[in-house]
Amino acid sequence: NAGVTQTPKFQVLKTGQSMTLQCAQDMNHEYMSWYRQDPGMGLRLIHYSVGAGITDQGEVPNGYNVSRSTTEDFPLRLLSAAPSQTSVYFCASSPNGGGGHTSGANVLTFGAGSRLTVL
Amino acid sequence: GDSVTQMEGPVTLSEEAFLTINCTYTATGYPSLFWYVQYPGEGLQLLLKATKADDKGSNKGFEATYRKETTSFHLEKGSVQVSDSAVYFCALAPWGFKTIFGAGTRLFVKA
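Okay, so let's go over this structure. (Residues numbered from 1 in each chain as written. Chains lettered and ligands numbered in written order. Predicted model: local features only at pLDDT ≥ 70, side-chain atom pairs only at ≥ 80, totals over all residues. Heavy atoms only, no water.)

### A look at the overall build of chain B
Piece 1. Scanning chain B from terminus to terminus reveals zero helices and 12 strands.
Piece 2. Along its sequence from the N terminus, chain B presents helices and strands in the succession β-β-β-β-β-β-β-β-β-β-β-β.
Piece 3. The C-alpha atoms of chain B give a radius of gyration of 13 Å, which matches the 13 Å a tight globule of 111 residues would have.
Piece 4. Each principal axis of the C-alpha atoms in chain B carries an extent, and together these give about 45 × 25 × 20 Å.
Piece 5. Going through the 111 residues of chain B one by one, you find that 44% of them count as buried.
Piece 6. Counting only contacts in chain B whose residues sit at least 6 apart along the sequence, the fraction spanning at least 24 positions is 54%.
Piece 7. A total accessible area of about 5300 Å² is found for chain B, and carbon and sulfur atoms account for 49% of it.
Piece 8. Taking the 10 positively charged and 11 negatively charged side chains of chain B as two groups, their mean positions are separated by 4 Å. (Helix = DSSP H or I, 4+ residues; strand = E, 2+ residues; numbered from the N terminus. Rg over C-alpha atoms; globule rule 2.2 N^0.38 Å. Buried < 20%, exposed > 50% of the residue type's maximum accessible area, 1.4 Å probe, protein only. Contact = heavy atoms within 4.5 Å. Areas by Shrake-Rupley, 256 points an atom, 1.4 Å probe, with all protein chains shown as cover. Lys, Arg positive; Asp, Glu negative; His and termini not counted. Charge placed at Lys NZ, Arg CZ, Asp CG, Glu CD.)

### A few points about the sheet that holds strand β9 (residues 75-77) of chain B
All names here are of chain B.
Piece 1. Reading across from one edge, β3-β9-β8-β7 is the order of the four strands in this open sheet, with antiparallel pairing throughout. Both outer strands of the open sheet, β3 (19-21) and β7 (56-59), are each paired with one neighbouring strand and no more. Sheet twist, expressed as the average angle between the axes of neighbouring strands with direction ignored, equals 15°.
Piece 2. In the sheet, β7 pairs with strand β8 (residues 62-65) via four bridges, with the strands oriented antiparallel. The residue of β8 that forms the bridge with Asn 59 is Phe 62. (Pairing = 2+ DSSP bridges. Axes fitted to C-alpha atoms, helices over the stretch in contact; angles between N-to-C directions.)

### A closer look at the state of the cysteines
All names here are of chain A.
Piece 1. Overall, the coordinates contain two disulfides over all chains when judged by the stated rule.
Piece 2. The side chain of Cys 23 participates in a disulfide bridge whose partner is Cys 91; the two sulfur atoms lie 1.9 Å from each other. Between Cys 23 and Cys 91 the disulfide shows an S-S torsion of about -70°. By sign, it is left-handed. Of this pair, Cys 23 sits in strand β3 (residues 19-25) while Cys 91 sits in strand β9 (residues 87-94); the two residues are 68 residues apart in sequence, bridging distant segments of the chain. Comparing Cys 23 with Cys 91 shows no difference in burial state: the two are buried. (Disulfide = S-S within 2.5 Å.)

### Quick notes on the pattern of salt bridges
Piece 1. Within this structure, the stated rule accounts for five salt bridges over all chains.
Piece 2. One salt bridge in this structure joins Asp 38 of chain A and Arg 36 of chain A, with 2.8 Å as the shortest N-O distance.
Piece 3. Overall, Arg 36 of chain A belongs to the buried group, its relative accessible area being 9%.
Piece 4. Lys 52 of chain B serves as the salt-bridge partner of Asp 55 of chain B, at 3.3 Å between the closest nitrogen and oxygen.
Piece 5. On the basis of relative accessible area, Lys 52 of chain B is assigned to the partly exposed category, the value being 44%.
Piece 6. One connected set of salt bridges, linked through shared partners, spans Arg 36, Asp 38 and Arg 44 of chain A. (Salt bridge = Lys/Arg side-chain N within 4 Å of Asp/Glu carboxyl O.)

### A look at the environment of Gln 17 of chain A
Residue and element names in this part refer to chain A.
Piece 1. Relative to the assigned elements, Gln 17 resides in the loop between β2 (10-13) and β3.
Piece 2. Given the relative accessible area of 37%, Gln 17 is considered partly exposed.
Piece 3. Taking the C-alpha atoms as reference, Gln 17 lies 5.2 Å from Ser 80; in sequence the two are 63 residues apart.
Piece 4. If we ignore the near neighbours within four places in the chain, the residues touching Gln 17 are Leu 78, Leu 79, Ser 80 and Ala 81.
Piece 5. A distance of 2.7 Å separates a polar atom in the side chain of Gln 17 from the backbone nitrogen of Lys 14. (Polar contact = N/O pair within 3.5 Å; in protein donor to acceptor, adjacent residues only side chain to side chain.)

### Topic: the nonpolar core
Piece 1. Leu 19, Trp 35, Leu 47, Leu 48, Phe 73, Leu 75 and Tyr 88 of chain B are the most contacted members of the largest nonpolar core, which totals 26 residues.
Piece 2. Within the residue set of this core, elements represented by two or more residues are β2 (11-14), β3, β4 (23-26), β5 (32-38), β6 (44-50), β8, β10 (86-93) and β12 (105-110) of chain B.
Piece 3. Listed in part, the 19 residues of the second largest apolar core include Leu 13, Cys 23, Met 32 and Tyr 64 of chain A. (Core = buried A, V, L, I, M, F, W, Y, C linked by side-chain atoms within 4.5 Å.)

So, to be careful, I would describe these as geometric facts and stop short of saying anything about function.
Here it is in structure tokens:
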């Protein structure tokens, strides 16, 4: 199994350009999410989805859009890139949720990451 | 709100030294706790987990015990290897769908 696949691995944009980071998983996971990783700040949740057709905002959603038309795919769109969006982006999935005491403590499977630089 | 605090790095150790990386958390209810590891150029992967108080998670010689009374989940290993050099993240998953991560601690192990 490929697990979670992210593309592209590297991308350089100019301020104001738009782009889409792709994420696909082949594990039939219901839950998918996007995080950004910045030095000294750990991972911060951008958006997440609990199933096809359902998305919700995380901690830092501004400047990003998502959609979930299929179980497998969860693309992240930057509509007008800004230098503050320079970061490493990770897509992650889990079978049916991000945790909880009685949910079985679902474990996240991560993609390899996408490094984005906005000039 | 819920949060995770872990010791700042980098931590530099010699091979076969004892490792402790401290992690404390703030959460309502009874979250599950995790340690994830990130090797250079890769995504995060689960190292170990614990789902309730007094549970001990273990994997690859690493251990962590869920301490509700001290709201802690410290990571330990008795004898580190060069191959353990990585960034370690403590995380909690409260009720719901949002896993919260600490800032990460970078570990360097010298031969």
